[in-house]
There are 6 protein chains.
Amino acid sequence: MKVSVFRKEHFNAAHRLNNPAWDAETNAKIFGKCNNPNYHGHNYELIVEVAGEVDPNTGYVMDLKILSDLIKTEVLDPFDHKNLNLDTTEFAELIPSAENICIVIYNKLRTHLNPLNDLRITLYETERNYVQYPVK
Amino acid sequence: MKVSVFRKEHFNAAHRLNNPAWDAETNAKIFGKCNNPNYHGHNYELIVEVAGEVDPNTGYVMDLKILSDLIKTEVLDPFDHKNLNLDTTEFAELIPSAENICIVIYNKLRTHLNPLNDLRITLYETERNYVQYPVK
Amino acid sequence: MKVSVFRKEHFNAAHRLNNPAWDAETNAKIFGKCNNPNYHGHNYELIVEVAGEVDPNTGYVMDLKILSDLIKTEVLDPFDHKNLNLDTTEFAELIPSAENICIVIYNKLRTHLNPLNDLRITLYETERNYVQYPVK
Amino acid sequence: MKVSVFRKEHFNAAHRLNNPAWDAETNAKIFGKCNNPNYHGHNYELIVEVAGEVDPNTGYVMDLKILSDLIKTEVLDPFDHKNLNLDTTEFAELIPSAENICIVIYNKLRTHLNPLNDLRITLYETERNYVQYPVK
Amino acid sequence: MKVSVFRKEHFNAAHRLNNPAWDAETNAKIFGKCNNPNYHGHNYELIVEVAGEVDPNTGYVMDLKILSDLIKTEVLDPFDHKNLNLDTTEFAELIPSAENICIVIYNKLRTHLNPLNDLRITLYETERNYVQYPVK
Amino acid sequence: MKVSVFRKEHFNAAHRLNNPAWDAETNAKIFGKCNNPNYHGHNYELIVEVAGEVDPNTGYVMDLKILSDLIKTEVLDPFDHKNLNLDTTEFAELIPSAENICIVIYNKLRTHLNPLNDLRITLYETERNYVQYPVK
């Protein structure tokens, strides 16, 4: 009897989409306003879903306080109020698109969770643009 | 050609997380503020998803007015403005965690729906903490 | 490594639920207020999900600007500020229930997307009533 | 010690913006898509604010159940799932712009409320366009 | 050049509306479901507005981190995950209606803020019922 | 008979809070994470309120399409997907706090609006932190 539990958090960051293998003109054409050399930024809304069996002793899949603390250590501390391109190792050579940020967050959290539990990440870059990994 | 239809409802209730097999100290440690002996409460947001074939005569999977009435009878009437621990039979001996409330609501609605239709329950305890059963 | 990307758009339209094979009394009984002969209307919120592999050159599943433009051409231009029953060919003989609108939008967008990508449509008729196709 | 209490309700309606004193070309130019002869529609979100002294016996400015019932009788029953131009007397000769709907709702509710209480109406035509009367 | 700054916080609590000067029948009639002797509960959304001059050295009316800390000490610590009737001194003899909670929060915060700044409290008991003090 | 009309828009930008008259240590202490030298960013939600008489010919205070176009020219074009400190003249020497951005937007729009109409700006930096000018 598996149930999914969800925890919503948020962080604010600056980023720039740019592929160093391309010249400036190609980057401007492909990434448009997101290629601004001086960066722009977002309020990222993050939803972490953990699916697993309910523990009959607690009625919990997992304590959401523990999940919230884990998200703080693994995601908010390194990414909140940061420039993703300049202030992180994860995006030093990886384009910080919403898709890539979502996969990076998945990988950072996955190693700290019970292997019997499933994990899914949803990341809102704006209210109208968001991504999810893995796909349902 | 199956489509899912969703109906959102809400109810307000008091509850307390406590495992009678444990002593007070253990309960306080495991459940933290949710163990308050005098209860606390929530605005529960409930989303009921029913998946099934579209009836070509109506364009409906099912009439959402009928689904809304069913949710009223089975969920809102027994749970709204109630103390889940004291005023309900369902949680007299079951910890009213969001996970357990979600499964109880699933079971209450399941018996009243067309067996050919699939059912999924999403329950928000707060805007930032929510659960879903069955898992997608 | 498939990721889903989502784009949210909206349109406003008038519609009426009515089955011409039935008499007025039956239509009024089945569709209730939605059968009003003079129409009523909604702010439809539309969420388009496209699932696919992330292109390592861009970090994108697909450029959401291109998806947004496609939704504009295929959905917003024909449906926004329109009477779905009278101003569209799609619903001239099909009941414009949320379920049917959802399937129609799926079919209109499907032919324009990469066949390797999966598509899912979520359509909010009100904040409390919404539908999804295909089912998860 | 005056406090404001707010009650949020909603209704769905079709409407058309058209000034019969103007020719078709002028109406199309001034009202754009909102002039569609076959109507379009909205989910109207309505917020009713009543300001007054707190009754020490109840802790209430007024019972929000009574306010909700009044809004149902005066606003939802005549306007919900209706064509504002064709199905109402209020907009038979008055352009059903958000501004005018807001003033009409104010006038309909004003006569039923305690004259010592202040009233203010906020009406959302879409999530991005809304109006308020009287002005703060 | 006065600007208002707003900080949104939330807390969860149980409460019961009951006037000890009345008999049980009168209380049940006046307060309806809110009179449940075993309590019910809410997710209270709290918005604190502080109006004042902008400090040219910081661009701030006041540091919202300081305001957030003050709200934590004065409101969240005493009220969050509490039974307002049983666990607080403020509502030991005052009916914990939304109106009264709003005024109590105003008074608790007012003494800690710069007297040159104006304060206004908005409190959501549910998404559809909320209150504000002082009145605009 | 004055009515307020509101138009909601949004833009994404990077910024940094820093007072050049102070040394690095003081700036870090006063502005905390918002002082990050590499910038961070936000999705700014902007609400523009215009109050005025309703034109009986249109039922409008003003055409919201015209207001939306004005916001695009005066606010979104210069600020969206920009670094407020580096890419704008307005914040070259003014700290881009939410308060200052709000006043700057007010001044930019004020000169283009009918002097008989009142203007008020609300700016959300995050869902929980926002500002308003002038004060109500």
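These notes cover the structure that comes with them. The numbering scheme is per chain: residues are counted from 1 as the chain's sequence reads. Chains and ligands are labelled sequentially in the order written, the chains with letters from A and the ligands with numbers from 1. Only residues with pLDDT of at least 70 get local features here, since the model is predicted, and only at 80 or more are side-chain atom pairs given and counted; chain-wide, interface and lining totals rely on the full set of residues. Calculation of side-chain values draws on the structure's entire complement of heavy atoms; hydrogens and water are dropped beforehand.

## Remarks on the overall build of chain A
Working step 1: From N to C terminus, chain A includes four helices and five strands.
Working step 2: When the helices and strands of chain A are listed from N to C terminus, the series reads β-α-β-α-β-α-α-β-β.
Working step 3: C-alpha extents for chain A along the principal axes are approximately 60 × 30 × 25 Å.
Working step 4: Burial status across chain A gives 63% buried among its 136 residues.
Working step 5: Should any heavy atoms of two residues lie within 4.5 Å, those residues are counted as being in contact. For chain A, contacts bridging at least 24 residues in sequence account for 67% of all contacts bridging at least 6.
Working step 6: Residue-level accessible areas treat just the shown protein chains as cover; the underlying method is Shrake-Rupley with a 1.4 Å probe. With an accessible surface of roughly 5,500 Å², chain A has 54% of that area assigned to carbon and sulfur atoms.
Working step 7: None of His or the chain ends enter the tally, which takes Lys and Arg as positive and Asp and Glu as negative. By convention, charge coordinates are those of NZ in Lys, CZ in Arg, CG in Asp, or CD in Glu. Looking at charge distribution, chain A has the averaged site of its 14 positive side-chain charges lying 3 Å from that of its 19 negative ones. In this description a helix means any DSSP run of H or I spanning at least four residues, a strand means any run of E spanning at least two, and both kinds are numbered starting from the N terminus. Buried, partly exposed and exposed residues are distinguished by accessible area as a fraction of the type maximum, computed with a 1.4 Å probe on protein chains only: under 20%, between the cut-offs, and over 50%, respectively.

## Digging into the pattern of salt bridges
Working step 1: Here a salt bridge means any side-chain nitrogen of Lys or Arg lying within 4 Å of a carboxyl oxygen belonging to Asp or Glu. Inspection of the entire model under this criterion finds 43 salt bridges over all chains.
Working step 2: Here Lys72 of chain A and Asp77 of chain A are joined by a salt bridge, their closest N and O atoms 2.9 Å apart.
Working step 3: Where Lys33 of chain D meets Asp80 of chain C, a salt bridge forms, and the shortest distance between an N and an O atom there is 2.7 Å. Pair noted here: Lys33 of chain D is in the loop between α1 (24–31) and β2 (40–53) and Asp80 of chain C is in the loop between α2 (64–79) and β3 (82–83), and the two residues belong to different chains.
Working step 4: Look at Asp80 of chain C and you get buried, because its relative accessible area is 12%.

## Concerning the pairing of strand β2 (residues 40–53) of chain A
Residue and element names in this part refer to chain A.
Working step 1: β2 sits mainly inside the fold: 13 of its 14 residues count as buried.
Working step 2: Note that strand β1 (residues 2–15) and β2 share 14 bridges and pair antiparallel. Across the sheet, residue Phe11 finds its bridge partner in β2, namely Tyr44.
Working step 3: Bridge count between β2 and strand β4 (residues 118–124): seven bridges; the pairing is antiparallel. Looking at the pairing, Glu49 lines up with Arg120 of β4. Pairing between strands is defined by DSSP: at least two bridges between them are needed.

## Focus on the relation of the copies chain A and chain F
Working step 1: At an RMSD of 0.0 Å, chain A and chain F line up after a rotation of 180° and a shift of 0.0 Å along the axis. Such a combination of turn and shift is consistent with a two-fold rotation axis.
Working step 2: Of the interface residues in chain A, 100% have counterparts in chain F that sit at the interface too, so the contact is made through matching surfaces. In superposing the copies, a least-squares fit is computed on C-alpha atoms, taking residues whose pLDDT is at least 70 in both.

## Side note on helix α2 (residues 64–79) of chain A
Residues and elements named next belong to chain A.
Working step 1: Note that the bend at a residue is defined as the angle between axes fitted to the seven residues ending at it and the seven residues starting at it. The largest bend in α2 amounts to roughly 40° and is located at Lys72.
Working step 2: All buried positions along α2 are accounted for by Leu64, Leu67, Ser68, Leu70, Ile71, Glu74, Val75, Leu76 and Phe79.
Working step 3: Under the rule applied, a polar contact is a pair of N or O atoms within 3.5 Å (in protein, one hydrogen donor and one hydrogen acceptor; residues adjacent in sequence only if both atoms are side-chain atoms). Sitting at the head of α2, Asp63 places a side-chain oxygen 2.8 Å from the backbone nitrogen of Lys65.
Working step 4: Positive phi appears at His81, one or two residues downstream of α2, with a value of about 60°.

## As for the arrangement of the chains
Working step 1: Regarding chain A and chain E, the two do not touch, and the least distance separating their C-alpha atoms is 14 Å.
Working step 2: With no contact formed, the shortest span from any C-alpha in chain C to any C-alpha in chain F equals 14 Å.

## A word on the packing of aromatic side chains
Working step 1: When the centres of two rings from Phe, Tyr and Trp lie within 6.5 Å, Trp using its six-membered ring, the rings pair. Their planes under 30 degrees apart give stacked, over 60 give edge-to-face, and anything left gives tilted. With the rule as written, the count across this model stands at 48 aromatic pairs over all chains.
Working step 2: Aromatic side chains Phe6 of chain A and Tyr130 of chain B sit 4.3 Å apart centroid to centroid with 5° between the ring planes, which places their arrangement in the stacked category. In this pair, Phe6 of chain A is assigned in strand β1 and Tyr130 of chain B in strand β5 (residues 129–133), connecting two distinct chains.
Working step 3: With relative accessibility at 8%, the residue Tyr130 of chain B sits in the buried group.
Working step 4: Grouped by ring-pair contacts, the aromatic residues Phe11, Tyr44, Phe79 and Phe91 of chain A constitute a single cluster.

## Observations concerning the side chain of Asn27 of chain C
Residues and elements named next belong to chain C.
Working step 1: Summarising the element assignment, Asn27 is placed in helix α1 (residues 24–31).
Working step 2: For Asn27, a relative accessible area of 2% translates into the label buried.
Working step 3: Once residues within four sequence positions are removed from consideration, Asn27 is found in contact with Asn18, Asn19, Trp22, Gly32 and Asn35.

## Let's talk about empty space enclosed by the protein
Working step 1: In this analysis the probe radius is 1.4 Å and the grid spacing 1 Å, with only protein atoms considered; a cavity is a set of points the probe fits into but cannot get out of, a pocket is an open set with protein on both sides within 12 Å along at least five of seven lines, and lining residues have an atom within 4 Å of a point. Grid points are joined across faces, edges and corners, and a volume is the space filled by probe spheres set on the points. Under the defined criterion, the tally for this structure stands at one cavity of 30 Å³ or more.
Working step 2: Space inside the largest cavity adds up to approximately 50 Å³.
Working step 3: Around the largest cavity sit His10, Asn43 and Glu45 of chain B, Arg128 of chain C together with Thr126, Glu127 and Arg128 of chain E, which together line it.
Working step 4: Polar here means any residue other than Ala, Val, Leu, Ile, Met, Phe, Trp, Tyr, Cys and Pro, which are nonpolar, and Asp, Glu, Lys and Arg, which are charged; Gly is therefore polar. Among the residues forming the lining of the largest cavity, the class breakdown is no nonpolar, three polar and four charged.

## What to know about the interface of chain A and chain F
Working step 1: Counting residues at the interface gives 22 residues for chain A, matched by 22 residues for chain F.
Working step 2: Roughly 1,800 Å² is buried in total at the junction of chain A and chain F, and carbon and sulfur atoms are behind 46% of that figure.
Working step 3: Throughout, buried area stands for the accessible area (probe radius 1.4 Å) lost by two parts on being put together, summed over both. When the buried surface of chain A facing chain F is broken down by residue, Asn38, Asn43 and His81 of chain A rank first, second and third, together holding 32% of it.
Working step 4: Between chain A and chain F we count two salt bridges in total.

## Here we look at the environment of Asp69 of chain A
All names here are of chain A.
Working step 1: With respect to the helices, strands and loops of the structure, Asp69 is situated in helix α2.
Working step 2: With relative accessibility at 37%, the residue Asp69 sits in the partly exposed group.
Working step 3: Expressed as a C-alpha distance, the spacing of Asp69 and Arg120, which sit 51 residues apart in the sequence, is 17 Å.

## A look at the state of the cysteines
Residues and elements named next belong to chain A.
Working step 1: The disulfide criterion is simple: two cysteine sulfur atoms within 2.5 Å. Inspection of the entire model under this criterion finds zero disulfides over all chains.
Working step 2: For Cys34, which is in no disulfide, the shortest distance to another cysteine sulfur is to Cys102 and amounts to 17 Å.
Working step 3: Residue class for Cys34 comes out buried when judged on its relative accessible area of 16%.

## A few points about the side chain of Thr88 of chain E
Residue and element names in this part refer to chain E.
Working step 1: Along the chain, Thr88 turns up in the loop between α3 (84–87) and α4 (98–110).
Working step 2: The buried category is assigned to Thr88, whose relative accessible area is 9%.
Working step 3: A polar contact is formed between the side chain of Thr88 and the backbone oxygen of Leu84, at a distance of 2.6 Å.
Working step 4: A distance of 3.2 Å separates the side chain of Thr88 from the backbone nitrogen of Phe91, its partner in a polar contact.
Working step 5: For Thr88, the contacting residues outside a window of four places in its chain are Pro78, Phe79 and Asn83.

## Details of unusual backbone geometry
Working step 1: For the peptide bond that leads from Tyr133 of chain C to Pro134 of chain C, omega is -5°, which places it in the cis range.
Working step 2: Inspection of the secondary structure assignment puts Pro134 of chain C in the segment after β5 (129–133).
Working step 3: Of note, the phi angle at Tyr39 of chain C is positive, near 75°, even though the residue is not glycine.
Working step 4: Inspection of the secondary structure assignment puts Tyr39 of chain C in the loop between α1 and β2 (40–53).
Working step 5: Positioned with a positive phi, His81 of chain E is a non-glycine residue whose angle comes to about 60°.
Working step 6: You can call His81 of chain E buried: its relative accessible area is 10%.

## Some words on the packing of α2 of chain A against helix α4 (residues 98–110) of chain A
Packed helix pairs are specified by the crossing angle of their axes together with the interaxial distance, meaning the distance between the axes.
Residues and elements named next belong to chain A.
Working step 1: Structural elements are reduced to axes, namely lines fitted to C-alpha atoms, with helices fitted over the stretch in contact, and the angle between N-to-C directions of any two is expressed from 0 to 180 degrees. Packing of α2 against α4 leaves a shortest axis separation of 9 Å and a crossing angle of 140°. Relative to α4, α2 is oriented oblique. Here α2 runs over α4; the crossing is right-handed. Facing Leu70, Ile71, Glu74, Val75, Pro78 and Phe79 of α2, the residues of α4 in contact are Val104, Ile105, Lys108 and Leu109.
Working step 2: When grouped by side-chain class, the residues that make up the contact of α2 with α4 number eight nonpolar, no polar and two charged. Should an angle lie under 35 degrees it is considered roughly parallel, over 145 roughly antiparallel, and from 65 to 115 roughly perpendicular; all remaining angles are considered oblique. By definition, any crossing whose near helix is turned counterclockwise from its far helix by less than a right angle is left-handed, and any crossing with a clockwise turn is right-handed.

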